[in-house]
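# A closer look at the structure
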Amino acid sequence: MPRPPIRRYVEHLPHITHFKPAGVPLRDLQEVELTVDELEALRLKDLEGLEQEEAAERMGVARTTFRRVLVSARSKVTEALVHGKAIRIQGGPFVHIAGALCADCGEQIDTGHWRDLHTGSPVCPRCGSPRLEPVAPGPGRHRRRRGWQ
Ligand SMILES: [Zn+2]
């Protein structure tokens, strides 16, 4: 029996998914493909400035996995910048989440608002519980997912 694909939590879906260098003829244009989970790793680590451990927790993956995704993402972006390649963002083993639901008090928490200021760990802002379950986005289909112990 095949193992199910490993899912990574992604809070941010990019609106712009294709970047092209200016002044390069289309026939000469090469492309690198950045996956959505790789972009999320860059965003959490390099834009939000999280430690790798926190970022890994936010994506629901082991730190070693996060590190691998991050290294791959940086390598692709650098390759595009150095060699003038286009970047297309698509695919990847990810699941988009809109926030989290507190398993103890039922509070619905928006993306980016569940981090404890002191420890950096995800906690419920209402009751302080660490038992948060990621919630899938979209009206009427709030599927709960396990993660974030
Ligand atoms: Zn709570």
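The structure reproduced in this document is the subject of the present report. As the structure is a prediction and not an experimental result, all values here were calculated from the model.

Our focus in this paragraph is the overall build of the chain. Secondary structure assignment for the chain yields 3 helices and 8 strands. The order of helices and strands in the chain, counted from the N terminus, is β-β-β-α-α-α-β-β-β-β-β. Counting the 149 residues in the chain, one finds 26% classified as buried. Considering only contacts in the chain between residues 6 or more positions apart, those separated by 24 or more positions represent 63%.

Among the 8 residues of helix 2 (residues 52-59), 6 are classified as buried, and the element is accordingly described as predominantly covered. Of the residues making up helix 2, those classed as buried are Glu-54, Ala-55, Ala-56, Glu-57, Arg-58 and Met-59. As for helix 2, its buried residues are in contact with strand 1 (8-10), helix 1 (36-47) and helix 3 (63-83). Two residues or fewer after helix 2 comes Gly-60, characterised by a positive phi angle close to 70 degrees.

Soluble globular proteins tend to pack their nonpolar side chains together in the buried interior. Judged by nonpolar contacts, the single largest core of 24 residues is most densely connected at Ala-41, Ala-55, Met-59, Phe-66 and Ala-73. Split by domain, the residues of this core number at least three in each of domain 1 (8-95) and domain 2 (97-149). Residues within four places of Met-59 in sequence aside, it is in contact with Arg-8, Tyr-9, Glu-40 and Phe-66.

So, on to the packing of helix 2 against helix 3. It is at 9 Å that the axes of helix 2 and helix 3 come closest, and there the two elements cross at 95 degrees. Put simply, helix 2 runs roughly perpendicular to helix 3. Contacts from Gln-52, Glu-53, Ala-55, Ala-56 and Met-59 in helix 2 reach Arg-63, Phe-66 and Arg-67 in helix 3. Of the residues belonging to the contact of helix 2 with helix 3, the class tally is 4 nonpolar, 1 polar and 3 charged.

Ordered by their spatial adjacency, 3 strands build an open sheet running 2-4-3, and the pairing between neighbours is mixed. Two strands lie at the open edges of the sheet, namely strand 2 (18-19) and strand 3 (31-34), each paired on one side alone. As paired strands, strand 3 and strand 4 (residues 86-89) are joined by 4 bridges and run parallel to one another. In the sheet register, Glu-31 faces strand 4, and the bridge partner there is Ala-86. Against the sheet, helix 3 contacts strand 3 and strand 4, and its axis sits at roughly 155 degrees relative to strand 3.

What counts and what doesn't
Residues numbered from 1 in each chain as written. Predicted model: local features only at pLDDT ≥ 70, side-chain atom pairs only at ≥ 80, totals over all residues. Helix = DSSP H or I, 4+ residues; strand = E, 2+ residues; numbered from the N terminus. Buried ≥ 20, exposed ≤ 12 C-beta atoms within 10 Å, placed from the backbone. Contact = placed C-beta atoms within 7 Å. Core = buried A, V, L, I, M, F, W, Y, C linked by C-beta atoms within 7 Å. Domains from an automatic or database assignment. Axes fitted to C-alpha atoms, helices over the stretch in contact; angles between N-to-C directions. Parallel < 35°, antiparallel > 145°, perpendicular 65-115°, else oblique. Nonpolar A, V, L, I, M, F, W, Y, C, P; charged D, E, K, R; others polar. Pairing = 2+ DSSP bridges.

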